[in-house]
Amino acid sequence: MINLSGSPAAIGWLAVALACGLDRVVGDPAGCLHPVQVMGWSIALLRGQVETWAGDRPWKLRLGGGAITLLLVGVSGAVGWGVEMLAWRWPPLGYPLLWLCLASCLAAGSLERAVRGVLDALSGGNDGIERARSRLARIVGRDVEGLGEAEMLRAVAETAAENGVDGLFGPLFWMLVGVALLSWQPGGQLQPPGPLSLALAYKAASTLDSMLGYRRGRLEWLGTAGARLDDLLTWLPCRLVALSLPLVSRRPHRLLGQVALARQEGRPDPSPNAGLSQAAYAQAAGVRLGGVNRYGGVARAKPILGASYPPADRPAVERILALSNRLELFWLAVSLPLMVAAASLLAQ
């Protein structure tokens, strides 16, 4: 039997597990510099330089967008790799830094607090409606002016479902892939990129998509590379969520039926991932999502998900949050024996 004590893979998995706990307890403290902020500043700076060079020429904008994507994702991954190397060589300094940086790549705690902030404001009656709209505007892209309580509940349910993949299971998946990579060269002088390197690269792609991934003006060409890379990196974790979510729901025996309905209902969504993730949560939580939203004053009809279930209410939002909590623990629990098995095979 292989001894994993002190191996980079074991240390990496433990750091990921501790980071999940820190994210849940602390989240993103206000006033603290966050890696995504640095990424955002970098994207804004590089965008200005590319647009000055490219003007309105689509081929130059695509080329510049590709360069921004390669630079930001590559540098982010390299920074993460550097922190990992520091952790392996100078543990007293490197391990705490690795733990904190990994936690910063996860957004489950901050998302849950933001969602509960909207729910708490809605509990304040008429005086809380405006507070709820203000808080909701910070976490959704749709117009919130004039939304009533029912529509705001649907909005927080949908963002809790969609961002459960983008903010939690996407980066967590790549962290666990990074842990698996560390098993390839146990005890080597130069370890391969691990959980933080891959998580920061994923967050860079996600940030590029959120800032540049819009089909309007110059961004139609400038943001193409970042948006497509984000779709590609989220594709597998999104489908793993759709497959595993029924296992932590109250109806695990309906796994195949839930997965089939989620695929069917999520397919009309223009995003290859957002529709499926929301549909998977709709089936697992037993709630109807989707409908007409407004973006910049323009109405856009989203596909109806979980059509046979009642519309979103407070208990439904709580069920979605609880599903994410249970699924996070499930992924961590399953990944540990898989890591041990992989390390054992590689050691033979």
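The structure this text deals with has already been given above.
Summary of the structure given here.

Rules and cut-offs
- Residues numbered from 1 in each chain as written.
- Predicted model: local features only at pLDDT ≥ 70, side-chain atom pairs only at ≥ 80, totals over all residues.
- Heavy atoms only, no water.
- Helix = DSSP H or I, 4+ residues; strand = E, 2+ residues; numbered from the N terminus.
- Rg over C-alpha atoms; globule rule 2.2 N^0.38 Å.
- Buried < 20%, exposed > 50% of the residue type's maximum accessible area, 1.4 Å probe, protein only.
- Contact = heavy atoms within 4.5 Å.
- Areas by Shrake-Rupley, 256 points an atom, 1.4 Å probe, with all protein chains shown as cover.
- Lys, Arg positive; Asp, Glu negative; His and termini not counted.
- Charge placed at Lys NZ, Arg CZ, Asp CG, Glu CD.
- 1 Å grid on protein atoms, 1.4 Å probe; cavity = no way out; pocket = protein on both sides within 12 Å on 5 of 7 lines; lining within 4 Å.
- Points joined across faces, edges and corners; volume = space filled by probe spheres on them.
- Nonpolar A, V, L, I, M, F, W, Y, C, P; charged D, E, K, R; others polar.
- Core = buried A, V, L, I, M, F, W, Y, C linked by side-chain atoms within 4.5 Å.
- Expected span 1.5 Å × (residues − 1).
- Arc of directions from axis to C-beta.
- Axes fitted to C-alpha atoms, helices over the stretch in contact; angles between N-to-C directions.
- Left-handed = near helix turned anticlockwise from the far one by under 90°.

Observations concerning the overall build of the protein
- Assigned secondary structure in the protein consists of 13 helices and two strands.
- Compactness check: the protein gives a C-alpha radius of gyration of 21 Å against a globular reference of 20 Å for 348 residues, within 12% of the reference.
- Dimensions of the protein, computed from the C-alpha atoms along their principal axes, are close to 60 × 55 × 40 Å.
- Counting across all 348 residues of the protein, residues that qualify as buried make up 50%.
- Contacts in the protein between residues at least 24 apart in sequence constitute 71% of all its contacts with a sequence separation of at least 6.
- A total of about 16500 Å² of accessible surface is found on the protein, and carbon and sulfur atoms cover 64% of it.
- Each charge class in the protein was averaged separately, 32 positive and 25 negative side chains, and the resulting centres sit 4 Å apart.

Description of the layout of surface pockets
- Considering only enclosed or pocket space, the second largest pocket measures out at about 370 Å³ in volume.
- Every residue lining the second largest pocket is counted, 16 residues in all, and those nearest its centre are Leu176, Trp331, Val334, Ser335 and Leu338.
- Contributing elements (two or more residues each) for the lining of the second largest pocket: α7 (149-182), α10 (224-244) and α13 (314-347).
- With seven residues, α13 is the single largest residue contributor to the lining of the second largest pocket.
- Tallied by class, residues from the lining of the second largest pocket come to 14 nonpolar, two polar and no charged.

Concerning the nonpolar core
- One finds Val16, Leu136 and Leu172 to be the most contacted residues of the largest nonpolar core, which totals 95 residues.
- When residues no more than four places from it in sequence are discounted, the contact partners of leucine 172 are Val16, Cys20, Leu106, Glu328, Trp331 and Leu332.

What about helix α2 (residues 35-54)?
- Compared with the 28 Å implied by 1.5 Å per residue over 20 residues, the 28 Å span of α2 between its first and last C-alpha is a close match.
- The set of residues buried in α2 consists of Met39, Gly40, Ile43, Leu46, Val50, Glu51 and Ala54. All buried residues of α2 fall inside an arc of 140 degrees around its axis, so they share one side. For α2, the exposed residues set more than 90 degrees away from the buried face come down to Trp41, Leu45 and Thr52.
- Of the surrounding elements, those touching the buried residues of α2 are α3 (58-89), α8 (195-212) and α9 (219-222).
- The positive-phi residue at the C-terminal boundary of α2 is glycine 55, with phi of around 65 degrees.

Focus on the packing of α7 against α8
- Viewed as axis vectors pointing N to C, α7 and α8 meet at an angle of 145 degrees, and their least axial separation amounts to 7 Å. Here α7 and α8 pass one another in a crossing that is right-handed. Across the interface between the two elements, Val165, Asp166, Gly170, Pro171, Trp174, Met175, Val177, Gly178, Val179, Leu181 and Leu182 from α7 touch Pro195, Leu198, Ala199, Tyr202 and Lys203 from α8.
- Here the contact of α7 with α8 is composed, by residue class, of 12 nonpolar, two polar and two charged.

Geometric descriptors of this kind do not, in isolation, establish any biological role.
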